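Below are the chains, spelled out letter by letter.
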Amino acid sequence: MLEIKELAVSYGAITALHGVSLSVKPGSIVTLIGGNGAGKTTTLRTVSGLLKPQAGEILYNGKSLVGLKPHRVVELGLSHVPEGRMVFANLTVHENLMMGAYLQRDKNLIRASFESVFATFPRLQEREQQVAGTLSGGEQQMLAIGRALMSRPKFLMMDEPSLGIAPLLVKTIFEKIVEINRTQGITILLVEQNANLALEISHFGYVLETGKIILSDNSAALRQNPQVKSAYLGGG
Amino acid sequence: MEFLQQLINGLSLGAIYALIALGYTMVYGVLRFINFAHSDVFMVGAFAGFYLGRVLPAASFGGGLLVLFGAMVICAVLGVVIEKLAYRPLRGRSTLTVLITAIGVSLLLQNAGQLIFGANPKSFPKLFPQHNFTFGGMVLSSDQIAVFVVTIAILLGLHYIVMKTRIGTAMRALSFNPTAASLVGINNDMVISFTFALGSALAAAGGILYAINYPSIDPLMGTLPGLKAFVAAVLGGIGNIPGAALGGVLLGLIETLVVAMGGSTYRDAVAFAVLILILLVRPSGLLGKLQAEKV
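Computed from a prediction, not measured in an experiment: that's the story for all the values here. (Residues numbered from 1 in each chain as written. Chains lettered and ligands numbered in written order. Predicted model: local features only at pLDDT ≥ 70, side-chain atom pairs only at ≥ 80, totals over all residues. Heavy atoms only, no water.)

J.: Help me get a handle on the side chain of Thr 151 of chain B, residues and values and all.
T.: Along the chain, the position of Thr 151 of chain B falls in helix H5 (residues 142–164). If near-sequence neighbours (up to four positions away) are discounted, Thr 151 of chain B is found in contact with Ala 15, Leu 19, Ala 146 and Leu 209 of chain B. (Helix = DSSP H or I, 4+ residues; strand = E, 2+ residues; numbered from the N terminus. Contact = heavy atoms within 4.5 Å.)

J.: Now, about the layout of surface pockets: what can you tell me, with residues and values included?
T.: Here the second largest pocket defines a volume of roughly 450 Å³. In terms of lining, the second largest pocket is formed by 19 residues, of which the most central are His 94, Met 98 and Ile 110 of chain A together with Lys 164 and Arg 166 of chain B. Taken together, the elements giving at least two residues each to the lining of the second largest pocket come down to helix H3 (93–100) and helix H4 (107–120) of chain A together with H5 and helix H6 (166–176) of chain B. Grouping the constituent residues of the lining of the second largest pocket by class yields 7 nonpolar, 6 polar and 6 charged. (1 Å grid on protein atoms, 1.4 Å probe; cavity = no way out; pocket = protein on both sides within 12 Å on 5 of 7 lines; lining within 4 Å. Points joined across faces, edges and corners; volume = space filled by probe spheres on them. Nonpolar A, V, L, I, M, F, W, Y, C, P; charged D, E, K, R; others polar.)

J.: Kindly report on the sheet that holds strand E5 (residues 63–64) of chain A, identifying the contributing residues and their values.
T.: All names here are of chain A. Read across the sheet, 4 strands follow the order E2-E1-E4-E5 without closing on themselves; strand pairing throughout is antiparallel. Edge strands, defined here as strands with exactly one partner in the open sheet, are strand E2 (14–24) and E5. Across the sheet, helix H1 (residues 40–47) lies against strand E1 (2–11), E2 and strand E4 (55–60), angled at about 110 degrees from E1, the strand it touches most. (Pairing = 2+ DSSP bridges. Axes fitted to C-alpha atoms, helices over the stretch in contact; angles between N-to-C directions.)

J.: If you had to explain the sheet that holds strand E8 (residues 187–192) of chain A to someone new, which residues and values would you point to?
T.: All names here are of chain A. Strands sit in the order E6-E7-E8-E3-E9-E10 across an open sheet of 6 strands; the sheet is mixed. The outermost strands of the open sheet, each flanked by one partner alone, are strand E6 (78–81) and strand E10 (212–218). On average, each strand axis in the sheet is tilted by 15 degrees relative to the strand beside it, whichever way the strands run. Relative to strand E7 (residues 155–159), E6 runs parallel, the two being bridged by 4 bridges. Note on E7: the bridge partner recorded for Leu 78 is Phe 155. The strands touched by H1 are strand E3 (29–33), E6, E7, E8 and strand E9 (204–209); relative to E7, the strand with the most contacts, the crossing angle is about 145 degrees.

J.: Mind laying out the packing of aromatic side chains, listing which residues take part and the relevant values?
T.: Given two aromatic rings, their pairing is described by the distance between the two centres and the angle made by the two planes. Counted under the stated rule, the structure contains 14 aromatic pairs over all chains. Judged by centre distance (5.8 Å) and plane angle (35 degrees), the ring pair of Tyr 51 of chain B and Phe 117 of chain B falls under tilted. One end of the pair, Tyr 51 of chain B, is in helix H2 (residues 38–55); the other, Phe 117 of chain B, is in helix H4 (residues 95–117), with 66 residues separating them in the sequence. Here the aromatic rings of Tyr 210 of chain B and Tyr 214 of chain B are separated by 4.8 Å at their centres, their planes lie at 35 degrees, and the arrangement is tilted. Note on Tyr 210 of chain B: relative accessible area 18%, which makes it buried. Its guanidinium or amino end placed over the ring of Phe 88 of chain A, Arg 147 of chain A lies 4.8 Å from that ring's centre, counting from NZ or CZ. (Phe/Tyr/Trp six-rings, centres within 6.5 Å; stacked < 30°, edge-to-face > 60°. Buried < 20%, exposed > 50% of the residue type's maximum accessible area, 1.4 Å probe, protein only. Lys NZ or Arg CZ within 6 Å of the ring centre and 35° of its normal.)

Don't take any of this as a statement about function, it's just geometry.
As structure tokens, then:
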């Protein structure tokens, strides 16, 4: 579904990605794990069109995404839950979700999306008229995911959904990610520092280190990999 | 009575400042820079009214509104063109670069105005029927009524657009976080164009209402009201839409009261005294929130 080939991205003189290749099969959850500054966020931002690659190719269902503006990428059915949530804190929960459906003109479809998001995150419905800036971190993460779902994506990219969230809510959010994948059939590319959790819910994993993929395998196998264990899972 | 009369004069001047200030603040909201060419769009608005007033029936209510609407459309287009040619190529560059470009555009419009319209002041036609209403010693001219009615109508319309419509919500979203806005599918360039169209249309309305009350127009007429409206926007809190309206009205009142108290020598100085004061005491403005600059 998504095919990244030899992707190279740099910020000025600093190269962030040195030829990253990965692929995501339809219907799966694929995770990209790695430490700080490994290039995880850069990979997602390049797919979304926020960054331009120096070299390499990004194919979505065979169509190249390179050079497309972010709103065109959304149009094709990819949605991106950015790192740090980036909810519109000055807008209400309702308005945030409406913005998620910005490209959707069909009122009935928008209504259906609202219902589906509220079914997944009932908390958002309770807070619908509240200004998003007043939500807790976990609720904002739900809103960020809900907002991304409002565009009715086929492919969802999530950047560190566990970041800065109470541990109890992290569990809930990861359950929801699995639910979104299973019941709505949305393919997910998950970037996470919490490798343990990410490998638990995903089918396949890539390990990114200083801009290069150093390992890739089924998630179950990666969890047993001694190298991954010592570096990312806190084991010896 | 004298006080009430001055209050009316102050409010009508303040309404005009408010209309111009809104354009500064909206553009600041989406692009984080002060569009110094805005005051010259105001001038073009007045001239558009001048030329349209020649072809449309003068001193009639419908004709006046038509002139107003026509000038607003012309300036909306001008605003979009300015953004596209001058500012869009600089997207992602430092704010200083864009700011200097804005000053360049301002000079271009002033000099093009002198070339096309001529440097001599022109007398602005009477767009609306002239009538003075007296209430126990207070005089309210039909032109002042036009200022109030048009300003209130425009403010209500603007409030509706910004708070209730899809594009208005997108403006607020973009103003808060452009990256997140683009990730939900908002075409940021389109929203920025729309913001320039809206702000420039308001400047045109301000230009015409100003010219109705001070009926001598020239290509450099925008400088002083433009600067004062900028002060009004800062006073209310730059980037804050209700703040710009409030700042405009307050500034108009302050200026008029200073004149009424015999300080007409200082009528222009007082606006800048207000600017210095607000920057010293409350730099975020009356309704603005203090924000840490993101790096």
